[in-house]
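Read off the chains here:
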Amino acid sequence: MQTSVDIEALNKQIYQDSAFLEELDLETSKVIVGQKYMIQRLLLGLLANGHVLLEGLPGLAKTLAIKTLSSSVGGSFSRIQFTPDLLPADIIGTMIFNLSQNEFTVRKGPIFANFVLADEINRAPAKVQSALLESMQEKQVTIGKETFKLQAPFLVLATQNPIEQEGTYPLPEAQTDRFMLKVKIDYPTIEDERQIIRKSISGETGQKISPVVTTETIMNARDLVRKVYMDEKIEQYILDIVFATRNPKDYNLEKLAPLITYGGSPRASINLAMASKAFAFLNRRGYVIPEDVRNICKDVLRHRIGISYEAEAENITQEDIINEVLNQIEVP
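It should be emphasised that the depicted structure is a prediction, and the values quoted were computed from it without experimental measurement. (Residues numbered from 1 in each chain as written. Predicted model: local features only at pLDDT ≥ 70, side-chain atom pairs only at ≥ 80, totals over all residues. Heavy atoms only, no water.)

A. Up close: the packing of helix 3 (residues 36–48) against helix 13 (residues 290–301). Relative to each other, helix 3 and helix 13 sit at 80 degrees, their axes nearing to 12 Å. Accordingly, the angle class assigned to the pair helix 3 and helix 13 is roughly perpendicular. Across the interface between the two elements, Y37, R41 and L44 from helix 3 touch N295, I296 and D299 from helix 13. Counted by class, the contact of helix 3 with helix 13 contains 3 nonpolar, 1 polar and 2 charged residues. (Axes fitted to C-alpha atoms, helices over the stretch in contact; angles between N-to-C directions. Helix = DSSP H or I, 4+ residues; strand = E, 2+ residues; numbered from the N terminus. Parallel < 35°, antiparallel > 145°, perpendicular 65-115°, else oblique. Contact = heavy atoms within 4.5 Å. Nonpolar A, V, L, I, M, F, W, Y, C, P; charged D, E, K, R; others polar.)

B. Molecular detail of the packing of helix 10 (residues 215–227) against helix 12 (residues 266–282). Direction vectors running N to C along helix 10 and helix 12 enclose 110 degrees, while the axes themselves pass 8 Å from each other. Classified by the interaxial angle, the pair formed by helix 10 and helix 12 is roughly perpendicular. By crossing handedness, the relation of helix 10 to helix 12 is classed as right-handed. Across the interface between the two elements, A221, L224, V225 and R226 from helix 10 touch M274, K277, A278 and F281 from helix 12. Split by residue class, the contact of helix 10 with helix 12 holds 6 nonpolar, no polar and 2 charged. (Left-handed = near helix turned anticlockwise from the far one by under 90°.)

C. Spatial organisation of empty space enclosed by the protein. Per the counting criterion, the structure on display carries 1 cavity of 30 Å³ or more. In this structure, the largest cavity spans a volume of roughly 30 Å³. Surrounding the largest cavity, D25, T28, S29, I32, G34, K36 and I39 form its lining. Contributing elements (two or more residues each) for the lining of the largest cavity: helix 2 (20–28) and helix 3. Of the residues assigned to the lining of the largest cavity, the class counts are 2 nonpolar, 3 polar and 2 charged. (1 Å grid on protein atoms, 1.4 Å probe; cavity = no way out; pocket = protein on both sides within 12 Å on 5 of 7 lines; lining within 4 Å. Points joined across faces, edges and corners; volume = space filled by probe spheres on them.)

D. How the structure looks around the layout of surface pockets. Taken as a whole, the largest pocket encloses approximately 740 Å³ of empty space. E55, Q160, L171, K182 and Q318 are, among the 29 residues lining the largest pocket, the residues nearest its centre. Going through the elements one at a time, strand 1 (51–55), helix 8 (173–176), strand 9 (179–184), strand 11 (306–307), helix 14 (309–313) and helix 15 (318–328) are the ones with two or more residues in the lining of the largest pocket. Looking at side-chain class alone, the lining of the largest pocket contains 10 nonpolar, 11 polar and 8 charged residues.

E. Structural detail: the sheet that holds strand 2 (residues 77–81). Across the sheet, which stays open at both edges, the 5 strands sit in the order 2-5-8-1-9 with parallel pairing between neighbours. This sheet does not close on itself; its edge strands, each paired only once, are strand 2 and strand 9. On average, each strand axis in the sheet is inclined to that of its neighbour by 15 degrees, with strand direction left out of account. Where helix 3 meets the sheet, it contacts strand 1, strand 5 (115–119), strand 8 (155–160) and strand 9, and its direction lies at approximately 180 degrees from that of strand 9. (Pairing = 2+ DSSP bridges.)

F. A look at the nonpolar core. Of all hydrophobic cores here, the largest spans 72 residues; its most connected members are F20, L42, L47, I241, L272 and F281. The greatest single-element share of this core, amounting to 9 residues, is contributed by helix 12. Those residues within four positions of F281 in sequence are excluded, and the remaining contacts are I14, D17, S18, F20, L21, L47, A221, L224 and V225. Judged by nonpolar contacts, the second largest core, of 25 residues, contains F82, L86, V141 and F154. (Core = buried A, V, L, I, M, F, W, Y, C linked by side-chain atoms within 4.5 Å. Buried < 20%, exposed > 50% of the residue type's maximum accessible area, 1.4 Å probe, protein only.)

See the structure below:
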């Protein structure tokens with residue numbers, strides 16, 4: 001266990017070393033109006049080394065936010081527009097026969113970048129979606145007989161449109177589980193939209209974004225995020241939340257049992273802990289508080305809970321179930 005002196009020193013170090021977050025915020029706000037929640041969640045994924053799935057209606061600046069963030073960090077960026085005719089080789093690369101050398105050589109695909117935007121990921125069939133799995137989980141890609149490590153930091157930021165069902169292929173549970181966060185984006189406020197209109201008409205939205213943070217700074221920040229202090233009571237709180245989604249009867253939540261087909265996996269517990277630490281870092285704190293866990297709980301768990309037909313018939317969503325769990329589990 002860390003002593004109070006250790007925590008105090010860590011708190012001071014994190015407050016100093018997280019100063020770059022203000023620069024990132026200033027740079028992204030040149031282009032993105034409002035949507036602080038979305039930008040914050042993208043930063044969470046970046047700091048906690050977890051992939052992010054953004055779900056929202058068209059025109060809510062999902063793609064723009066990802067491009068802006070990657071431009072603010074001095075790393076490589078690639079965008080893959082997912083379509084029904086896309087092939088796995090279009091993502092990871094393939095073997096090309098080189099006539100001059102009379103041998104096959106590897107041509108790397110767009111997955112070889114620090115930031116990979118998988119735009120409208122649910123528009124490509126399962127075999128293409130699965131091409132991302134190895135790279136997302138193992139941070140490596142296999143082409144032919146060769147395996148290539150991906151450059152760190154490596155982050156997949158995917159978007160999907162929830163309203164169109166025609167020509168889409170829903171992501172299987174095994175793949176959505178590999179996303180640390182599933183973030184639902186809502187419409188901007190009326191004042192934010194007023195600013196969006198004014199910026200668009202005046203041409204301000206085309207401002208050039210400069211890199212204000214290096215990839216080395218991000219990697220150092222990730223090391224610091226892992227050092228953020230988490231008390232055993234907070235650990236137990238996280239475990240109770242996740243286990244309540246698996247065995248609701250053990251937590252006096254009998255009414256949820258027929259509504260849930262499966263609960264959060266062990267990856268849910270790991271990601272909830274890591275995201276909580278990253279959220280504390282974003283708030284320039286060296287320790288996790290229960291409010292950090294509660295704040296990011298829905299984003300970590302909403303795609304990891306299966307709901308039954310009975311729940312669907314009663315219009316009960318994953319968010320409703322998470323709210324019930326958070327209301328029932330005692331806060332440390």
